[in-house]
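Below are the chains, spelled out letter by letter.
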Amino acid sequence: MSRIEGVLKSLKGQGRKALIPYITAGDPHPDQTVGLMHTLVEAGADIIELGVPFSDPMADGPVIQMACERALKHGTSLRQVIAMIKQFRETDDATPVVLMGYLNPMEAMGYEAFADAAADAGVDGILTVDLPPEEADDVAPLFTARNLDAIFLLAPTTTDDRIRSISEHSSGYVYYVSFKGITGASKINVDEVAAKVAHIHDITALPVGVGFGIRDAETAAAVGRVSDGVIVGSVLVDTIARNQADSDQLKRALTDLLHPMREALDGLAS
Amino acid sequence: MKLTEEMLSALPDARGHFGAYGGRFVSETLMDSLMTLEREYLRLKNDPEFQKTFDEDLANYVGRPSPLYFAERLTRETGGAQIWLKREDLNHTGAHKVNNTIGQALLASFLGKKRVIAETGAGQHGVATATVCARLGLECHVFMGAEDIKRQSLNVYRMKLLGAEVHSVESGTRTLKDAMNDAMRDWVSNVDETFYIIGTVAGPHPYPLLVRDFQSVIGRETRRQSLEQAGKLPDALVACVGGGSNAIGMFYPFLTDESVQMYGVEAGGLGIETGQHAAPLCAGRPGVLHGNRTYLMEDENGQIAGTHSVSAGLDYPGVGPEHSWLKDIGRARYVSVTDDEALDGFRTLTRVEGIMPALESAHAVAYALKLAPTMDKDQVIVINVSGRGDKDIHTIAQLDGIEA
């Protein structure tokens, strides 16, 4: 059983929902990323999605674009991001880490070298925004062979046939993009999300994490009620941007943001 | 490799691949739209009404066929092969781009989409899109890098006159690739009502296919005109390559004619050795950007590299996937000329033939001027003059130290 599957099973057993924060590696500075990951765990994260910065993040809004630019200004490379996870693992062997990013940095590193290094460092899952299962034939088996979960996206526009085939290619969880848009937009419609996630649950037994548009305890609880976990990205990255000058204050700000979400999600269990 | 009609008709394959290139690398939200577009295009491609409308629009609105012109004085002064010019600069709106926007806007109408978006570099595709939207009464949004808005202000004004909204893109390198990023972001946010008119043969499947099909009118006409006027097929075709839509339009109908050599001319900028260029086929390597696998300019970590060209329309780090395939199989040769060589090409064609080419097309002119003297007098070179140079007067005047 993969670390991701283990965590999600155990949460499910307790009737709890996963809190999955996203930050961009190397933002605001590569030296801070591992510390921020530990902060996220202390504030209640069950799984961490760690973004690999890319020069052309087409699915992302301005907040994550600027995070990528900050990280790239310090030369944050995929190899360095993997090294950060290796360092994180020295003191945290329990929290699953999903690498999330775009395909080209992985292609440039070489898929086999990337999969080896990621597995060796203790990465648990790979989510590539611009890699649909149709194009993943050469890549996904390399992940599976190393016990790395391949996590794919589902969207409001995904047809039933595709939900079925994407789920068959996925392990760990599937990531449901809550609305048609880019990260950081505020278009979420909880009723629509509830209907679609229920429908996805009818088609696949995999846990469904929902991301895009979750910004506070209220949206986290509303989406947590109808899914297996919530992914929180832009609001955290924006908090990093606003507090980048002072690392203690940044830690407090992230905790102040995540803690109420954790409590709201756990409130659903009781 | 000798190409046959049968081989060509199998490309791209069902997943949009040209050999190792192409494909559909986009986020899930767009997949359904792309598959619908592919399905509808493959149906309409063989629909007589669609084709008839397209052909009539090309004839009566664009003004096709564009002439194939024998540049007699240029041939004499250059020495060597006969130089012929395919005059895409004479099309309505002044470039080849309109061939494609006519086709895609027609698709948008057939699909019932009322809102159109486009990216643009030099502004030619933006103008061509704004033009067809004005004609069909479609809402038009054009994304353009802030850097390009500065150097192509005339085209920005043209788009506004045509009723389009021009969105200045401030992210990244503030050029064509960033404009394409923002167009993709708009598309994913407004996918139900929006048709994205991509201006080049790049992007996710089926765009490289449909843009190539719409632009192939260039090569089909050239083939017929060359046989009629020069009495033979061309020996060499020369076209500039940014994304590569004018080049693929010229090359495609000749791919099975083994005797026809093809040269795609990339922007060598300040020189390939300086790294300040936009020549992924000459100096890049395969990667994935903007929905397709193709040759790219990138650093060792897979980050997309900044590009440089005097010509905004060539200032792009990628290239259409079919060109990547043609390069690998050796059917077309990809070369580069520098900014300075292109400017010389511009001046030569202007002074010797009275034809001002776009700075993009001037790259093809510059290479042809090097190629012609190496060939025999009875051989024929066709240069695709993909656009006219009016839009570049400001840039050239600045280089000459003149306030225009």
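Residues numbered from 1 in each chain as written. Chains lettered and ligands numbered in written order. Predicted model: local features only at pLDDT ≥ 70, side-chain atom pairs only at ≥ 80, totals over all residues. Heavy atoms only, no water.

- The name recorded for chain A in an unreviewed UniProt entry is Tryptophan synthase alpha chain, from Marinobacter lipolyticus SM19.
- Among the UniProt annotations of chain A, the heading Subunit (unreviewed entry) holds the following wording: "Tetramer of two alpha and two beta chains."
- In its Pathway (unreviewed entry) section, the UniProt entry covering chain A states "Amino-acid biosynthesis; L-tryptophan biosynthesis; L-tryptophan from chorismate: step 5/5." (UniProt positions renumbered as here; feature names shortened; annotations may be inferred.)

1. Examining the layout of surface pockets
Residue and element names in this part refer to chain B.
Move 1: Estimates place the volume of the largest pocket at around 440 Å³.
Move 2: In terms of lining, the largest pocket is formed by 25 residues, of which the most central are K45, R212, D213, S216 and Y252.
Move 3: Of the residues in the lining of the largest pocket, the class split is 12 nonpolar, 5 polar and 8 charged. (1 Å grid on protein atoms, 1.4 Å probe; cavity = no way out; pocket = protein on both sides within 12 Å on 5 of 7 lines; lining within 4 Å. Points joined across faces, edges and corners; volume = space filled by probe spheres on them. Nonpolar A, V, L, I, M, F, W, Y, C, P; charged D, E, K, R; others polar.)

2. As for the packing of aromatic side chains
Move 1: For the coordinates displayed, the defined rule picks out 13 aromatic pairs over all chains.
Move 2: Between F70 of chain B and W84 of chain B, the aromatic rings sit 5.0 Å apart at their centres with planes inclined by 35 degrees, giving tilted as the arrangement. Taken as a pair, F70 of chain B in strand β3 (residues 68-70) and W84 of chain B in strand β4 (residues 82-87) lie far apart in primary sequence, 14 residues in all.
Move 3: Using a relative accessible area of 27% as the deciding quantity, one classes F70 of chain B as partly exposed.
Move 4: When the centroid spacing of 6.2 Å and the interplanar angle of 55 degrees are considered together, the rings of Y196 of chain B and Y207 of chain B count as tilted. Of this pair, Y196 of chain B sits in strand β8 (residues 194-196) while Y207 of chain B sits in helix α10 (residues 207-215); the two residues are 11 residues apart in sequence, bridging distant segments of the chain. The two residues Y196 of chain B and Y207 of chain B agree in class, both being buried.
Move 5: An aromatic cluster of three or more residues is present, and its members are Y175, F179 and F212 of chain A.
Move 6: In this arrangement the basic side chain of R135 of chain B is found over the ring face of Y61 of chain B, its NZ or CZ atom lying 4.5 Å from the centre.
Move 7: Seen from the ring of Y295 of chain B, K327 of chain B lies directly overhead, with NZ or CZ sitting 5.3 Å from the centre. (Phe/Tyr/Trp six-rings, centres within 6.5 Å; stacked < 30°, edge-to-face > 60°. Helix = DSSP H or I, 4+ residues; strand = E, 2+ residues; numbered from the N terminus. Buried < 20%, exposed > 50% of the residue type's maximum accessible area, 1.4 Å probe, protein only. Lys NZ or Arg CZ within 6 Å of the ring centre and 35° of its normal.)

3. Considerations on the UniProt feature "active site" (unreviewed entry) in chain A
Residues and elements named next belong to chain A.
Move 1: UniProt annotation of "active site" (unreviewed entry) refers to E49 and D60 when read in the numbering used here.
Move 2: Since its relative accessible area comes to 0%, E49 is described here as buried.
Move 3: Among the polar contacts made by the side chain of D60, one reaches the side chain of T183 at a distance of 2.8 Å. (Polar contact = N/O pair within 3.5 Å; in protein donor to acceptor, adjacent residues only side chain to side chain.)

4. Details of the sheet that holds strand β7 (residues 165-169) of chain B
The strands that make up a sheet pair up through hydrogen bonds in the backbone, lying either parallel or antiparallel.
Residue and element names in this part refer to chain B.
Move 1: One open sheet accounts for 4 strands, arranged β7-β6-β5-β8; its pairing is parallel. At either margin of the open sheet sits one strand with a lone partner, and together these are β7 and β8. Across this sheet, the average inter-strand angle for adjacent strands is 25 degrees, counted without regard to direction.
Move 2: The pairing of strand β5 (residues 115-120) with β8 spans 3 bridges and is parallel. Its bridge partner lying in β8, R115 is registered against T194.
Move 3: Its contacts with the sheet place helix α9 (residues 176-189) against β5, β6 (139-145), β7 and β8, and it is angled at close to 160 degrees to β5. (Pairing = 2+ DSSP bridges. Axes fitted to C-alpha atoms, helices over the stretch in contact; angles between N-to-C directions. Contact = heavy atoms within 4.5 Å.)

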